[in-house]
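# Overview (structure and organization)
Take a look at the letters that make up each chain.
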Amino acid sequence: MKLIPTFAFQHTEGVACPSAWLVRRCGLSACAHLRYLARMNQFLLVAIGGGIGAALRHLSNGVALRAFGPNFPWGTMGINIAGSLAMGLFIELLARRFGGSQELRLFVATGILGGFTTFSAFSLDFAALFERGEVAWAFVYAALSVILSIAALFAGLWLARSFA
């Protein structure tokens, strides 16, 4: 299933590319321009999916805030858990078992789930290392990601407060 059709990159030698006028207009070969359009297609899939995911995160945080109050980040925790579960289900079922297209993976995994929670991507990276048998590296990755990210946040707070 393709959400947006991709552009063909290959053509037979001697056969004119359909966008040959682009060669004259911008100096790119027609095939190079088609590859550029395919990359833009992928970029747009990620951007649109990311917007949807970010909107869902905002909506979910608002619902959790109204339901549970502001004393604990229930919304963020729930989003991280739900996003990680969704990433696992999506990658295993749609992408691996049913041969989902690269466009579908970009739109859902990188776009929607990446916009919803980057924790799902973190969880997928950890699982990939773990399943490859690199268990020690998986835990090093997890520990460094959490510790250094929190440290970087405090460093950013300190920098902003120092110069404000």
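Residues numbered from 1 in each chain as written. Predicted model: local features only at pLDDT ≥ 70, side-chain atom pairs only at ≥ 80, totals over all residues. Heavy atoms only, no water.

Another aspect to go through is the overall build of the chain. The number of helices and strands found in the chain is six helices and zero strands. Listing every helix and strand of the chain by position from the N terminus yields α-α-α-α-α-α. Taking the contacts inside the chain whose residues are at least 6 apart along the sequence as the reference set, 60% of them involve residues at least 24 apart. Roughly 11,200 Å² of accessible area belongs to the chain as shown, and the carbon and sulfur atoms make up 70% of that amount. (Helix = DSSP H or I, 4+ residues; strand = E, 2+ residues; numbered from the N terminus. Contact = heavy atoms within 4.5 Å. Areas by Shrake-Rupley, 256 points an atom, 1.4 Å probe, with all protein chains shown as cover.)

Glancing now at the packing of aromatic side chains. The full count for this structure, using the stated rule, is six aromatic pairs. Centroid distance phenylalanine 119 to phenylalanine 122: 5.1 Å. Interplanar angle 45°. Geometry classified as tilted. With a gap of three residues between them, phenylalanine 119 and phenylalanine 122 both fall in helix H5 (residues 118-131), about one helical turn apart. Using a relative accessible area of 36% as the deciding quantity, one classes phenylalanine 119 as partly exposed. Overall, phenylalanine 122 belongs to the buried group, its relative accessible area being 16%. (Phe/Tyr/Trp six-rings, centres within 6.5 Å; stacked < 30°, edge-to-face > 60°. Buried < 20%, exposed > 50% of the residue type's maximum accessible area, 1.4 Å probe, protein only.)

Turning our eyes to something else, we now look at the layout of surface pockets. As a volume, the largest pocket reaches approximately 260 Å³. As for the second largest pocket, its lining consists of Ser84, Met87, Gly88, Ile91, Glu92, Arg96, Ser120, Ser123, Leu124, Ala127, Ala128 and Glu131. Breaking the lining of the second largest pocket down by element, the ones donating at least two residues are helix H3 (74-97) and H5. Residue composition of the lining of the second largest pocket, by class: five nonpolar, four polar and three charged. (1 Å grid on protein atoms, 1.4 Å probe; cavity = no way out; pocket = protein on both sides within 12 Å on 5 of 7 lines; lining within 4 Å. Points joined across faces, edges and corners; volume = space filled by probe spheres on them. Nonpolar A, V, L, I, M, F, W, Y, C, P; charged D, E, K, R; others polar.)

On the surface, Trp137, Val140, Leu144, Val146, Ile147, Leu148, Ile150, Leu153, Phe154 and Leu157 cluster together to form a nonpolar patch covering roughly 990 Å² of accessible area. Position of valine 140 among the secondary structure elements: in helix H6 (residues 135-163). For valine 140, a relative accessible area of 34% gives the class partly exposed. (Patch = residues over 30% accessible without salt bridge, like charges linked within 9 Å, V, L, I, M, F, W, Y side chains within 5 Å. Salt bridge = Lys/Arg side-chain N within 4 Å of Asp/Glu carboxyl O.)

The next thing to look at is H3. The end-to-end C-alpha distance of H3 is 33 Å, a good match for the 34 Å that 24 residues give at a rise of 1.5 Å each. Along H3, the largest kink reaches about 30° and is centred on phenylalanine 90. Those residues of H3 that fall on the buried side of the exposure criterion are Gly75, Ile79, Asn80, Gly83, Ser84, Met87, Phe90, Ile91 and Ala95. Phi turns positive one or two residues past the end of H3, at glycine 99, with a value near 60°. (Expected span 1.5 Å × (residues − 1). Bend = angle between axes of the 7 residues up to and from the residue.)

Membership of the largest hydrophobic core is limited to eleven residues, which are Leu45, Met87, Phe90, Ile91, Ala95, Leu104, Phe107, Val108, Ala109, Ile112 and Leu113. Of all the secondary structure elements, the ones that give two or more residues to this core are H3 and helix H4 (102-116). The element that contributes the greatest number of residues to this core is H4, accounting for six residues. Apart from the residues lying within four places of it in its own chain, the contact partners of alanine 109 are Met87, Phe90, Ile91, Leu104 and Gly114. (Core = buried A, V, L, I, M, F, W, Y, C linked by side-chain atoms within 4.5 Å.)

Our next topic: the environment of glutamine 102. Assignment of secondary structure puts glutamine 102 in helix H4. A sequence separation of 60 residues divides glutamine 102 from glutamine 42, and the C-alpha atoms of the two residues are 8.8 Å apart.

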